[in-house]
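Examining the three-dimensional arrangement
So you can see what is in the structure, the chains are spelled out below.
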Amino acid sequence: MRVGSRIMDNRIIVKIGGEALSGEGHIGIDPDEARAIALKIREVHALGIQIGLVIGGGNLFRGQALVDAGMSEVPAHHMGMMATIINALALQDALERLDVPVRVMTGFEVRTMAEPYIVRRAVRHLEKGRLVILAGGTGNPFFSTDTTAALRGSEIQARLIIKATKVDGVYDQDPKLDRNARAFRHLSFNDAINRQIGVMDGTALTMCRDGNLPIAVVNLWHADSLLRAVRGEEVGTLIS
């Protein structure tokens, strides 16, 4: 497949928040949590699905907290991008221990640890059955890892982004605060943007809308949620 020739039916982006790696501690990396995530990803990979994985860095560093305390935004964002590389290396190790072939590619060069992100090289890894972890954000400050997922998904011609979270989908209210919160099974991109849903930022949603790249918001920790989303079953919330 040539890059840009068509959307690949078996190519997806999985976006995971860095907090998923920390477990109940909400900070740092718990090897048991990394293994649990790797097991779920391996199930999808075993189906022959080509997976680009984007992980956040919030379990290690939140740039906005330091910005609020007086740090300049650019170095704070750079530090946040570096945190995603640390998480990527942790997941790479967990996946390789399960015999999943993995390459880490970064938005800026970290030569001794990972490959620089090049679209055609990433696509070639996917075609060879390797899972690609897309770390380091976009390589530029001011962009979230949600936007990274949208950008990389568009570049590699993915058919779907799976936003794996700790909630069952998108709700009209915060389900942790309101027991009567109503879950959406489907939202249009415009509805999601206008509602300013917290599960993904507006830049990422707009990019996915313009590129016709649907987003499935699912609970990472529910049994088979990733598999069901890949198979097109009704699970979580579909934004399209």
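Going along each chain's sequence as written, the residues are numbered from 1 onward. Local features in this predicted model are restricted to residues of pLDDT 70 or higher, and side-chain atom pairs are both shown and tallied only at a pLDDT of 80 or more, whereas totals for entire chains, interfaces and linings draw on every residue. Each side-chain value is worked out from all heavy atoms of the structure, with water and hydrogens disregarded.

Attention shifts here to the sheet that holds strand β4 (residues 115-116). Pairing between two strands is assigned when DSSP locates at least 2 bridges connecting them. Each helix is a run of H or I in the DSSP string that is no shorter than four residues. Each strand is a run of E no shorter than two, and both are numbered from the N terminus. Reading across the sheet, the nine strands line up as β4-β3-β5-β2-β1-β6-β10-β11-β9 and stay open at both edges, with mixed pairing between neighbours. The outermost strands of the open sheet, each flanked by one partner alone, are β4 and β9 (186-187). Here strand β3 (residues 102-106) pairs with β4 via two bridges, running parallel. Note on β4: the bridge partner recorded for T106 is P116.

Let us now look at the pattern of salt bridges. Close approach of charged atoms lets side chains of opposite charge pair. In what follows, salt bridge is the name for a side-chain nitrogen of Lys or Arg lying within 4 Å of a carboxyl oxygen of Asp or Glu. Tallied over the entire structure, the rule returns ten salt bridges. Here D146 and K15 are joined by a salt bridge, their closest N and O atoms 3.5 Å apart. One end of the pair, D146, is in helix α5 (residues 145-155); the other, K15, is in strand β1 (residues 11-16), and 131 residues separate them in sequence. Classification of K15 as buried rests on a relative accessible area of 4%. The partner of R124 in a salt bridge is E127, with the nearest N and O atoms 3.3 Å apart. With R124 and E127 both in helix α4 (residues 119-127) and three residues apart, the pair spans about one turn of that helix. The buried label goes to any residue with under 20% of its type's maximum accessible area, the exposed label to any with over 50%, and the partly exposed label to all in between, with areas taken from a 1.4 Å probe on protein chains only. Judged by its relative accessible area of 30%, E127 is partly exposed. Where salt bridges share partners, they join K15, D146 and K163 into one cluster.

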